[in-house]
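Overview (structure and organization)
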Amino acid sequence: MQYKPMRLPCHPVHLVADALALALVAALPLFMPNGYVELIGYKFSLLLRCVLVALLLLPFACLWKNRCKTALRRFSFAWLWPVGLCLCYGAAWFFAKDRFTALWGLSGRKNGLVLYLACTAAYLLIAVAGSPGIVPLVRHTFIATGCAVTVISWLNYWMIDPLDAYYTFLPDRGELFLGTVGNINFYGAFLCLCVPLAAGTYFRQRGRLLDKSYWVALFLCSGLIPAGSDASWLGCFAALLALCCTRKTTTQTLARAAALCAGLAAVALGTGGVAKLIPARVELRTVSAQLASPLVGGILLVVAALTAYALGKTRPRPAAGAVRVFSLVLLAAAAGALVLANLWPGAPQPLAALRFTERWASNRGYAWQKLWTIYTQDTTLLQKLVGLGGDAVKARLNPDIESTRYMVLLNGEAFDSAHNEFLQHLVCGGALGLLCWCGFCATALVRGFRNDPALAAALLGYFVQSFFSISMPGVLPLVFVLAALAGTASAPAAENNGIRLAAGGTLLFAAAFSLLVIP
């Protein structure tokens, strides 16, 4: 019998890029070798090993098969934004007072130059050499990983510790740690990526309202309840509203969105009721607590269920225009309320939460005011352009013991970051670094909404919540993966994905093995 060699479903260069994307999406959120202790450091190390293994395999993939140039995409100016960001952080590192921190970042953050170099390398490799049509496979991997993390987070919320992760940190009740991604803010940021991807799949389905994709999307949305982060609630709301503004939105899409709201209200009410009977890790807070109250949650459940039933019985009609008008009115009302709360001394009490003070947004107002003063008054022209270096915020917020004591008195602990990624880039990467980051965000959103609205909505959700949070190595690389795929999302779905999954597992095994051999 004559042997016939197996034909690869794609070029080896494609295979390397696809393996890197799948490995990062599947492993970074779930990787937790030692509980909460050194969690960020381990995720950072895994990211570096995955990128290094992919870069080492790339030359062999180019030599393995001819016509490597045909497998690569044409140059795009969109690729220059992350490169410019790295150049700004590199220049800041050269002039930084603490070059080690500017290069590697703080031990609990890792937001230094190396992180952005690794993310940019992954972005360029996937954007240049990723397989056309890999987006559906990455989306399904994203959703599966998000469901796995959410299962662990819900179990931890109910004081069940399947991974024995609390044995060294917060053994009883606490508010910092929730699941394998990290604390509630990091988990919320991860949900802002997963929820729109699952909801986008559900919104575009045809047939019954309560199909399998509904329960998957609802389960991921339910993770927002134990997370309890205002930023993640806002990010997911903005992402789902943006999804409903796309041109393919019909009354059936709105029916599905209403059904999702009804299910989320029912889960919140059930969580609030069960929490009165058995112990939970933390008490429900902010939006989660409001939804769990019988009045708010009950009204939302009834209204959303009736809306879903009524719209589901009608013939599908275009509804994108109405949703866009509603979104503009809502945005104008929010902006007006924010202006009134800060410019009108006699503003009503319900607007007090929007008044910007030191204690605004869980004491973020103090850090934002101080960092803006530092940037505008205490930096040179060169530092204003290229910044102070990666993770330089902590040293500027804590220049002396008195500043640290005041922050501890105000917040319970000292700030080590801006808790605002845009302000963080302004201080650490300068005006040019912030420009590159904003250009990266805008380009990814434009390309995403043109090719795959669910992918763009996921990025939008992350960018919205990042205005109140900070990046970390377990989530930020996934943003670069989705941004890289934004330019390829319009291609037909790839076939024969088994070899891609095998390649991703092999790359991940090589990266994990290198962690054991060279810690």
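Residues numbered from 1 in each chain as written. Predicted model: local features only at pLDDT ≥ 70, side-chain atom pairs only at ≥ 80, totals over all residues. Heavy atoms only, no water.

In terms of helices and strands, the protein chain carries 22 helices and three strands. By the compact-globule yardstick of 24 Å for 519 residues, the protein chain fits well, its C-alpha radius of gyration being 23 Å. By its C-alpha atoms, the protein chain is 80 × 65 × 45 Å across when sized along the principal axes. Across the 519 residues that make up the protein chain, the buried fraction comes to 53%. A fraction of 80% describes how many contacts in the protein chain between residues 6 or more apart in sequence connect residues 24 or more apart. Counting only carbon and sulfur atoms, one obtains 68% of the accessible surface of the protein chain, whose full area is about 23,900 Å². Taking the 40 positively charged and 20 negatively charged side chains of the protein chain as two groups, their mean positions are separated by 16 Å. (Helix = DSSP H or I, 4+ residues; strand = E, 2+ residues; numbered from the N terminus. Rg over C-alpha atoms; globule rule 2.2 N^0.38 Å. Buried < 20%, exposed > 50% of the residue type's maximum accessible area, 1.4 Å probe, protein only. Contact = heavy atoms within 4.5 Å. Areas by Shrake-Rupley, 256 points an atom, 1.4 Å probe, with all protein chains shown as cover. Lys, Arg positive; Asp, Glu negative; His and termini not counted. Charge placed at Lys NZ, Arg CZ, Asp CG, Glu CD.)

Relative to the elements of secondary structure, valine 16 occurs in helix α1 (residues 12-27). Take valine 16: its relative accessible area is 8%, and that puts it in the buried class. Separated by 113 residues in sequence, valine 16 and alanine 129 have C-alpha atoms that sit 8.2 Å apart. Valine 16 has contacts with Ala54, Leu57, Ala61, Leu125 and Leu507, leaving out every residue within four places of it along the chain.

The next point concerns the packing of aromatic side chains. Describing an aromatic ring pair means giving the distance of the ring centres and the angle of the ring planes. Here the structure, examined in full by the defined rule, presents 27 aromatic pairs. A ring pair is formed by tyrosine 123 and phenylalanine 440, whose centres lie 5.6 Å apart and whose planes are at 70°; its orientation type is edge-to-face. Separated by 317 residues along the polypeptide, tyrosine 123 in helix α5 (residues 113-129) and phenylalanine 440 in helix α19 (residues 421-451) bring together distant segments of the chain. By the burial criterion, tyrosine 123 is buried, and phenylalanine 440 matches it. (Phe/Tyr/Trp six-rings, centres within 6.5 Å; stacked < 30°, edge-to-face > 60°.)

Another point: the nonpolar core. Leu20, Leu24, Phe142, Leu193, Phe203 and Trp437 are the most contacted members of the largest nonpolar core, which totals 150 residues. Ranked by residues supplied to this core, first place goes to helix α7 (residues 184-203) with 15 residues. Sequence-distant contacts of leucine 24, that is, excluding residues within four places in its chain, are made with Pro29, Leu47, Cys50, Ala122, Leu478 and Val481. One finds Met32, Leu39, Tyr166 and Phe177 within the second-largest nonpolar core, a separate group that totals five residues. (Core = buried A, V, L, I, M, F, W, Y, C linked by side-chain atoms within 4.5 Å.)

Phi at lysine 110 takes a positive value of approximately 65°, unusual for a residue other than glycine. Topologically, lysine 110 is positioned in the loop between α4 (99-104) and α5. One non-glycine residue with positive phi stands out, namely aspartate 391, at about 55°. A relative accessible area of 3% means that aspartate 391 is categorised as buried.

Next up on the list: the confidence of the model for the protein chain. When pLDDT is averaged along the protein chain, the result is 88, and 94% of the positions lie at 70 or above. Here residues 1-8 is a poorly scored stretch, pLDDT under 50, and it has three contacts once near neighbours within four places are set aside; other chains count. (pLDDT = per-residue confidence, 0-100.)

Let us now look at the side chain of serine 471. The residue serine 471 is located in the loop between α20 (453-466) and α21 (476-485) in this model. The exposure class of serine 471 is buried, given its relative accessible area of 2%. Each residue touching serine 471, except ones within four places of it in the same chain, is listed here: Asn111, Tyr116, Phe186, Glu421, Tyr462 and Leu476.

Tallying each qualifying case throughout the model produces four salt bridges. The residue arginine 500 makes a salt bridge to aspartate 18 at a minimum N-O spacing of 2.9 Å. A residue pair is termed long-range when its members are at least 10 positions apart, and arginine 500 in helix α22 (residues 498-517) and aspartate 18 in helix α1 qualify at 482 residues. Since its relative accessible area comes to 3%, arginine 500 is described here as buried. Here aspartate 211 makes a salt bridge to arginine 256, at a shortest N to O gap of 3.9 Å. Highlighted residues: aspartate 211 in the loop between α7 and α8 (212-222) and arginine 256 in helix α11 (residues 251-275), separated in sequence by 45 residues. (Salt bridge = Lys/Arg side-chain N within 4 Å of Asp/Glu carboxyl O.)

Across the interface, α7 lies against α11 with an axial gap of 9 Å and an inter-helix angle of 130°. Here α7 is positioned oblique relative to α11, judged by the angle of their axes. In this structure, α7 crosses over α11, and the sense of that crossing is right-handed. Note on element contacts: α11 touches α7 through Thr253, Arg256, Ala257, Ala259 and Leu260, opposite Ala199, Tyr202 and Phe203. (Axes fitted to C-alpha atoms, helices over the stretch in contact; angles between N-to-C directions. Parallel < 35°, antiparallel > 145°, perpendicular 65-115°, else oblique. Left-handed = near helix turned anticlockwise from the far one by under 90°.)

Moving on, we come to a nonpolar patch on the surface. Side chains of Phe509, Phe513, Leu516, Val517 and Ile518 sit close together on the surface and give an oily, nonpolar patch of about 600 Å² of accessible area. Summarising the element assignment, valine 517 is placed in helix α22. A relative accessible area of 53% places valine 517 in the exposed class. (Patch = residues over 30% accessible without salt bridge, like charges linked within 9 Å, V, L, I, M, F, W, Y side chains within 5 Å.)

What follows deals with the side chain of asparagine 398. Looking at the element boundaries, asparagine 398 is found in the loop between α17 (393-397) and α18 (401-411). Contacts of asparagine 398, omitting those with residues within four sequence positions, involve Thr404, Met407, Ala414 and Phe415.

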